[in-house]
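The lines below spell out each chain.
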Amino acid sequence: MTSAFDHFTSTAASFVRGQSGARVGALGPRPLEPFLLWEFEACPFCRKVREALSILDLDALVFPCPRGGTRFRDEARARGGKTQFPFLVDPNADDRALYESDAIIAYLFARYGHGRAPRRLTLGPLTLATSALASGLRLPRGRAARPSRAPDAPLELFAHEASPDARLVREVLCELELPHLSRSCAEGSPTRDALRTHHGDVALPFLHDPSAGVSIHGARDVIAHLERTYALPA
Ligand SMILES: N[C@@H](CCC(=O)N[C@@H](CS)C(=O)NCC(=O)O)C(=O)O
């Protein structure tokens with residue numbers, strides 16, 4: 001299901017982004033509710049926002065909108081007025097809706113961090129070029145929708161943006177348009193301790209699927225579950 005090539009290119013993708021999102025940074029006020037995020041894995045603009053969420057240790061309910069997707073794209077357009085990703089809604093601020101990755105990142109660091117975003121996210125064309133290169137290393141994964149059936153309830157993924165294994169899982173969640181609560185678990189995140197308290201010494205990525213009543217860790221087993229449970233023949 002995942003090959004040595006997948007692991008190599010996913011590791012390379014994290015490398016070209018300087019491991020951005022592997023570690024939690026300076027935190028500001030904590031939101032009560034997870035953000036709502038419409039995005040897709042291979043989108044370089046979306047990656048920047050996902051990195052910001054990992055650095056700020058913020059959770060988001062993710063609605064994957066790959067090309068050709070039918071499950072959430074219309075909803076995103078109806079809610080925000082445009083078919084453009086990333087699209088973020090903050091339920092902690094009167095459902096404030098934001099387009100434009102740089103504006104989203106600036107908003108998140110101003111409100112939930114200590115003001116300024118780290119340089120890896122604010123180098124303009126260089127940030128975008130390295131993010132596009134990371135996407136290119138993994139093409140065609142995480143870009144186009146595949147036939148799937150919807151889960152009864154969103155899945156829950158404990159991971160962080162820079163984890164090569166988590167990327168492989170997110171690609172499948174994206175292609176199958178599976179909504180999921182992304183629980184930020186970068187190094188230094190208290191969510192890691194909470195996860196250990198509830199589930200023992202589990203490896204990341206860790207997936208809880210309430211519809212199937214299972215909790216699984218490790219990219220290979222998580223992906224096998226997603227493919228077996230939700231993928232439909234093309
Ligand atoms: N300037 C925007 C650009 C966003 C953008 O172009 N996103 C592309 C995906 S990479 C998009 O929404 N394309 C429309 C589509 O996928 O249908 C930003 O920084 O967020």
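In the block above lies the structure referred to throughout.
Note that this is a predicted model, so its numbers are computed, not measured.

Novice: Account for the site of the ligand, with residues named and values stated.
Specialist: Around the ligand, the neighbouring residues are Phe-40, Cys-43, Pro-44, Phe-45, Arg-67, Arg-73, Thr-83, Gln-84, Phe-85, Pro-86, Glu-100 and Ser-101. Within the side chain of Arg-67, an N or O atom sits 3.1 Å from an oxygen atom of the ligand. In this structure, a nitrogen atom belonging to the ligand sits 2.7 Å away from a side-chain N or O atom of Glu-100. Here the ligand has 510 Å² of accessible area as a free molecule, and 75% of this is covered by the chains. Grouping the amino acids of the shell around the ligand by side-chain chemistry returns six nonpolar, three polar and three charged.

Novice: Now, about the packing of helix α1 (residues 4-16) against helix α6 (residues 164-175): what can you tell me, with residues and values included?
Specialist: Following both chains from N to C, one finds α1 and α6 inclined at 110 degrees, their axes separated by 8 Å at the closest point. Judged by the angle between their axes, α1 and α6 are roughly perpendicular. In this structure, α1 uses Asp-6, His-7, Ser-10, Thr-11, Ala-13 and Ser-14 to contact α6, whose residues at the interface are Pro-164, Asp-165, Arg-167 and Leu-168. Of the residues assigned to the contact of α1 with α6, the class counts are three nonpolar, four polar and three charged.

Novice: Tell me about unusual backbone geometry, and please be specific about residues and values.
Specialist: With an omega of 5 degrees, the peptide bond running from Phe-85 to Pro-86 counts as cis. Note on placement: Pro-86 falls in the loop between α3 (73-80) and β3 (87-90). Between Leu-204 and the following residue, Pro-205, the backbone shows a cis peptide bond with an omega angle of -5 degrees. By secondary structure assignment, the location of Pro-205 is in the loop between α7 (190-199) and β7 (206-209). Phi angles above zero are rare outside glycine, and Asp-94 is one such case at about 55 degrees.

Novice: Residues and numbers for the packing of α1 against helix α5 (residues 125-138), please.
Specialist: When two helices pack together, their arrangement is captured by the angle between the axes and the distance separating the axes. The interhelical angle for the contact between α1 and α5, taken along N-to-C directions, is 180 degrees, at an axis separation of 8 Å. As far as their axial angle goes, α5 and α1 are roughly antiparallel. Of α5, the residues touching α1 (which contributes Asp-6, Thr-9, Ser-10, Ala-12, Ala-13 and Val-16) are Thr-130, Leu-133, Ala-134, Leu-137 and Arg-138. Tallied by class, the residues present in the contact of α1 with α5 amount to six nonpolar, three polar and two charged.

Novice: Lay out the environment of Ile-104 with the relevant residues and their values.
Specialist: Tracing the sequence through the fold places Ile-104 in helix α4 (residues 101-112). With 35 residues separating them along the chain, Ile-104 and Leu-139 place their C-alpha atoms 25 Å apart. Ile-104 has contacts with Val-49, Pro-86, Leu-88, Leu-98 and Tyr-99, leaving out every residue within four places of it along the chain.

Novice: I'd love a proper account of the environment of Leu-204, names of residues and values included.
Specialist: Here Leu-204 shows up in the loop between α7 and β7. What makes Leu-204 partly exposed here is its relative accessible area of 27%. Leu-204 sits 141 residues away from Phe-63 along the chain, and the two C-alpha atoms are 21 Å apart. Sequence-distant contacts of Leu-204, defined by excluding residues within four places in its chain, comprise Phe-158, Cys-185, Arg-192 and Leu-195.

The rules behind these values
- Residues numbered from 1 in each chain as written.
- Predicted model: local features only at pLDDT ≥ 70, side-chain atom pairs only at ≥ 80, totals over all residues.
- Heavy atoms only, no water.
- Near = heavy atom within 4 Å.
- Polar contact = N/O pair within 3.5 Å; in protein donor to acceptor, adjacent residues only side chain to side chain.
- Areas by Shrake-Rupley, 256 points an atom, 1.4 Å probe, with all protein chains shown as cover.
- Nonpolar A, V, L, I, M, F, W, Y, C, P; charged D, E, K, R; others polar.
- Axes fitted to C-alpha atoms, helices over the stretch in contact; angles between N-to-C directions.
- Helix = DSSP H or I, 4+ residues; strand = E, 2+ residues; numbered from the N terminus.
- Parallel < 35°, antiparallel > 145°, perpendicular 65-115°, else oblique.
- Contact = heavy atoms within 4.5 Å.
- Buried < 20%, exposed > 50% of the residue type's maximum accessible area, 1.4 Å probe, protein only.

That is the geometry; function is a separate question.
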